[in-house]
Amino acid sequence: MARYIRHAACFCALLLIALLVNATRVQVFEARAHDENPANRRENIARYGLRRGDILVDGRPVTGSRDTGEQLRYERTYADGPLFAPVTGFASQEYGTTLLEHTEDGVLSGSDPLLTPFPLWNDFTRRRNPGGDVVTTIDGAAQQAAFEGLAGRKGAVAAVEPTTGRILALVSSPSYDPGVLSGNDPGVARSWARLNADRDKPMLNRAVRQTYPPGSTFKVVTAAAALDAGVVSDVDAPTDSPAPYTLPGTRTSLTNESDGCEDLSLREAFRWSCNTVFAKLGVDVGVGDMTATAHAFGFNDYSLRIPFSVARSTFDPTVDRAQLALSSIGQYNTRATPLQMAMVSAAVANGGQIRTPYLVERTTTAGGSTVATTGPRPARQAMYPSTAAQLKELMTQVVTEGTGTNAAIPGAVVGGKTGTAQHGIGNAGTPYAWFVSWAQGDRDVEPKVAVAVVVEDAAADRGDITGGGVAAPIARAVMEAVLNSKE
Amino acid sequence: MTKAGTTVAPADTPASAVRLPRRRGIELALIVLAVLLSVYGYCAVGLARHGTVPPGAAGYGAGLGVLALLAHLAVRLRAPDADPLLLPIGVLLNGLGLVLIYRLDLETPGDRAAPTQLVWSTVGVALFIVVVLALRDHRVLQRYAYVCVAAALVLLTLPILFPSVNGARIWIRIAGFSIQPGEFAKVLLAVFFAAYLAANRNALAFAGRRLWGLQLPTGRVLGPLLAIWLISVGVLVLERDLGTSLLFFGLFVVLLYVATGLTGWIALGLLLAAVGAFAVGWLEPHVHSRVEDWLHPFASIEAGLGPNQLAQSLFSFAAGGVLGTGLGLGHSVLIGFAAKSDFILATAGEELGLAGLSAIFLLYGLLVERGYRAGLALRDPFGRLLATGLASIVALQVFVIAGGVGGLIPLTGMAMPFLAQGGSSVVTNWAIVALLIRVSDSARGQYDGTEAP
């Protein structure tokens with residue numbers, strides 16, 4: 001009988017081996033597939049089981065985490081939600097993530113492999129790293145100034161540091177509190193529905209995701225193209241431009257807001273924002289050179305990431321001469337994001353060089369040691385340095401004695417350009433008020449800030465809407481904030 | 001090991017001959033280790049979840065320790081030659097089970113199972129002590145073979161009178177307690193099979209006609225055995241207790257083979273099993289869905305219904321990986337209502353990892369191996385068959401449930417010995433360990449040390 005008992009024991013040993021092999025199969029070889037199965041809630045539980053890293057402005061977190069004690073444990077909180085929403089975006093358990101919360105999710109949630117000191121060991125132990133922090137380039141005071149300047153009116157502000165491309169302010173108005181989308185309770189669904197149904201589109205990031213006709217602020221680009229192409233060699237020489245100007249090949253005549261634009265020099269035409277002069281200049285430069293210059297400033301570029309994507313600003317290269325005339329004064333198909341126009345202004349301030357804008361200074365581990373830094377990317381020449389110097393002078397005159405006097409800051413050199421953009425069918429919409437500018441404090445060796453402001457301001461009386469009246473004061477407040485905080 | 005069964009050894013070795021070392025001290029040391037490991041598990045859960053040692057840890061530890069020590073004293077008193085590994089393994093598995101259930105209780109504040117399980121463990125250890133103290137010689141049980149089988153049949157049929165729970169009609173409820181009589185029945189049936197086969201094995205092996213090279217026993221000998229077995233399995237199928245019917249079937253085939261040594265029985269058994277499994281799987285929707293789940297564990301996910309229990313169980317095992325998430329840090333509670341009972345192993349797999357799970361499997365393997373070893377060392381056929389049967393019950397049960405929750409074989413609801421929530425199961429397993437202690441005491445006490453058991 002002993003023999004048969006041994007056989008039975010061997011059978012049991014086989015069963016034991018089968019169990020061990022099966023456990024190894026499930027726990028080692030199939031583990032990854034099971035872990036990644038979308039129906040497996042563990043990834044979500046682990047993701048929300050740790051305090052999410054923070055987004056920092058001026059070294060202080062503008063985000064936070066709240067321990068709910070639920071299965072999805074931590075919910076996102078925002079210290080000053082509406083103010084920083086165009087930077088942070090939201091991080092919702094229910095609706096995913098947007099903007100920096102989205103592009104930096106790996107660091108914030110702790111899943112980024114860069115946070116791991118010993119990658120293979122972590123693979124083995126399945127330990128999750130604590131979420132790291134994201135240090136932004138935002139200047140809190142400038143952000144605050146822009147937000148208060150817009151005061152709830154529809155519009156946006158973008159400010160960059162010309163020499164580096166660091167984004168100092170990114171404001172969209174009206175805004176919303178991303179905190180109301182954080183959790184997964186019924187209130188979150190209600191907030192989501194309400195925000196999406198809102199006609200003012202508070203979740204739209206107007207600073208980078210909305211394009212507007214740039215109107216007269218685009219004349220900076222047209223002037224740069226004319227100077228670079230040699231169409232204008234002396235800014236003080238009279239141009240050959242009639243007023244009103246009949247668009248080539250049509251009987252439509254283009255007029256100006258102010259009188260006396262006929263044959264004005266580039267300097268005077270820029271100061272008084274003469275449509276006729278710039279429309280003809282654009283036609284004289286030609287669609288090829290105009291497109292090339294616009295492209296050099298960043299128009300028609302799909303690829304801009306700051307690190308979240310920026311809507312493409314457009315300058316239509318397939319226009320006829322009449323359309324080119326309109327395009328050259330920032331109308332027709334010419335459209336730009338506020339960030340793009342801040343880049344145009346920054347290029348002038350920075351000697352013709354464009355630095356690609358960026359929003360993330362560096363990312364750190366939870367302990368504060370740096371994981372990655374962004375830093376300025378290589379500069380791109382948008383125009384000759386001599387052209388930039390001349391444009392700088394022109395823009396400065398706009399502020400000292402032109403349409404942009406509202407932007408003047410005592411003790412600082414400020415250059416600017418106003419814009420009032422027509423839009424809507426038959427230009428029936430309330431025009432957009434634009435202002436692009438840059439500023440250099442008297443003790444600074446180079447311009448510290450370039451800013452673009454757009455105010456949709458549907459409530460104002462149409463006649464009052466000019467970039468100088470509505471947008472310039474906001475730009476000044478932002479520039480002052482930067483100049484003061486940098487001392 | 002030499003052929004203890006075929007070698008003709010002196011029928012009665014004098015008791016004064018050199019015995020195997022008794023090793024009661026080792027048993028005590030291992031018990032202390034097992035209790036300490038359990039208490040450590042409690043502390044680990046508490047520290048992981050709340051950052052503090054749970055207030056009940058000392059109480060649980062003391063309770064488990066006192067129970068284990070009383071059992072140890074009983075062994076010292078009445079079974080001094082018993083295998084020193086059996087009791088510590090029982091204590092460790094039971095303690096680990098309590099830790100896992102306590103850990104899952106934290107996720108279900110409205111349903112605390114650990115205190116009840118501790119009460120049942122106490123009852124189980126008490127039964128262990130009673131068996132060790134009262135049963136001087138296992139051969140006595142041979143006399144009660146027919147009492148055992150009658151009791152087993154009554155216990156098996158009893159739940160038919162009670163309402164079904166979660167698709168299976170295997171519980172009876174008395175005064176708030178649920179009892180699963182099928183658990184007790186398996187020990188009783190093992191006793192009966194062992195006694196009957198021991199008495200009739202020659203008739204089974206050598207009598208009767210030959211058919212296609214297969215030695216058929218006479219109907220007079222085989223008839224009662226087949227009848228009882230068919231009744232038990234039939235009743236279980238009616239009650240939809242597939243795990244236990246599979247267990248009885250396996251137990252029957254193993255014991256028949258060990259008693260007669262006829263490979264033909266195995267072949268016939270497997271054939272019958274295949275036919276039976278196919279018929280049940282085809283005709284019975286409850287079983288049919290289990291087989292479907294086994295073949296396609298993620299079908300419900302693809303159908304948009306979310307993961308079923310088996311898928312959640314596989315997710316749990318996978319989440320544990322090699323080293324596990326650590327006690328208290330897994331999410332096996334996602335499995336749902338059976339997490340503390342049928343699927344307790346998934347919690348072990350997730351929180352202790354492949355390492356811990358393998359350790360648990362090896363503990364069971366050791367327990368089974370010690371049972372077989374006792375069987376090998378014994379002389380009397382009844383004792384041999386009893387030890388083999390009891391060890392096989394543990395082995396088959398572990399395989400059926402662990403293979404089920406791990407996706408190796410179709411899932412059948414069964415309790416993991418000692419680990420799973422379930423009073424009847426804990427009590428039964430303590431009874432099994434008690435009987436193994438008793439037979440191993442006889443086995444190790446009867447040799448003179450010149451021939452290793």
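Predicted model only: the values in this text are computed from it and were never measured.

1. Some details on the interface of chain B and chain A
Listed as interface residues are 54 residues of chain B and, on the opposing side, 35 residues of chain A. At the junction of chain B and chain A, the tally comes to one salt bridge. A salt bridge links E350 of chain B to R42 of chain A, with the shortest nitrogen-to-oxygen separation between them at 2.9 Å. Taken together, chain B and chain A are joined by eight residue pairs in polar contact (both at pLDDT 80 or more). Contributions of two or more residues to the side of chain B that touches chain A are made by α8 (242-260), α12 (309-320), α13 (344-377) and α14 (381-405) of chain B. If one sorts the elements of the side of chain B that touches chain A by residue count, α13 of chain B sits on top with 13 residues. Its residues placed into classes, the side of chain B that touches chain A shows 31 nonpolar, 19 polar and four charged.

2. Some words on a nonpolar patch on the surface
All names here are of chain B. A cluster of nonpolar side chains, L268, L271, L272 and V275, forms an exposed patch at the surface whose accessible area comes to about 350 Å². Here L272 is to be found in helix α9 (residues 263-283). Overall, the relative accessible area of 45% leaves L272 in the partly exposed class.

3. Looking at the side chain of T314 of chain A
Structurally, T314 of chain A can be placed in the loop between α13 (287-297) and α14 (321-328). Excluding residues that lie within four positions of it along the chain, T314 of chain A makes contacts with F299, N300, N333, T334 and R335 of chain A.

4. Describing the nonpolar core
Core analysis: the largest hydrophobic core is formed by 146 residues, its most contacted members being F128, L345, M416 and I437 of chain B. Residue contacts for M416 of chain B: discarding those within four places in its chain leaves I344, L345, F361, Y364, V398, I401, A402 and S425 of chain B. Core analysis: the second largest hydrophobic core is formed by 88 residues, V107, V160, I167 and A322 of chain A among them.

5. A look at the pattern of salt bridges
The final tally for this structure, using the stated rule, is 30 salt bridges over all chains. Taking the shortest distance from any N to any O, the salt bridge between E369 of chain B and R373 of chain B comes out at 3.1 Å. Within this pair, E369 of chain B and its partner R373 of chain B are both found in helix α13, separated by four residues, close to a single helical turn. Among the charged side chains, a salt-bridge network with shared partners connects R47, R52, D54, R76, E101 and D105 of chain A.

6. Thoughts on the sheet that holds strand β1 (residues 55-57) of chain A
Sheet strands line up and pair through hydrogen bonds in the backbone, either parallel or antiparallel. Residue and element names in this part refer to chain A. One open sheet holds the five strands; their spatial order is β2-β1-β7-β13-β14, and the pairing between them is mixed. A single partner strand is all that each edge strand has here, and the edge strands are β2 (60-61) and β14 (370-373). Looking at chain direction, strand β7 (residues 133-136) and strand β13 (residues 360-364) are connected through four bridges and run antiparallel. Paired with V134 across the two strands is T363, which belongs to β13.

Each value, and the rule that gives it
- Residue positions are given per chain, counted from 1 along the sequence in the order it is written.
- Here the convention is simple: chains get letters from A, ligands get numbers from 1, in the order in which they are written.
- Confidence filtering applies because this is a predicted model: local features only for residues at pLDDT of at least 70, side-chain atom pairs given and counted only at 80 or more, and all residues used for totals across whole chains, interfaces and linings.
- For side-chain calculations, the full set of non-hydrogen atoms in the structure is used, while hydrogens and water are omitted.
- Residue contacts are counted whenever heavy atoms from the two residues lie within 4.5 Å of one another.
- In what follows, salt bridge is the name for a side-chain nitrogen of Lys or Arg lying within 4 Å of a carboxyl oxygen of Asp or Glu.
- Pairs of N or O atoms within 3.5 Å make up the polar contacts considered here, provided that, within protein, one atom can donate a hydrogen while the other can accept it, and that residues adjacent in sequence are counted only when both atoms are side-chain atoms.
- Counting from the N terminus, the helices are DSSP H or I runs at least four residues long and the strands are E runs at least two residues long.
- In this classification, Asp, Glu, Lys and Arg are treated as charged, Ala, Val, Leu, Ile, Met, Phe, Trp, Tyr, Cys and Pro as nonpolar, and every other residue, Gly included, as polar.
- The patch calculation keeps residues exceeding 30% relative accessible area without a salt bridge and links them within 9 Å when they carry like charges or within 5 Å when they are nonpolar (Val, Leu, Ile, Met, Phe, Trp, Tyr).
- Reported accessibility uses the Shrake-Rupley method at a 1.4 Å probe radius. Residues are deemed covered only where the shown protein chains occlude them.
- Three labels apply to residues, based on accessible area from a 1.4 Å probe with only protein chains included: buried if under 20% of the type maximum, exposed if over 50%, partly exposed otherwise in between.
- Buried Ala, Val, Leu, Ile, Met, Phe, Trp, Tyr and Cys residues that are joined via side-chain atoms within 4.5 Å together make up what is termed a nonpolar core.
- Strands qualify as paired when DSSP identifies two bridges or more between them.

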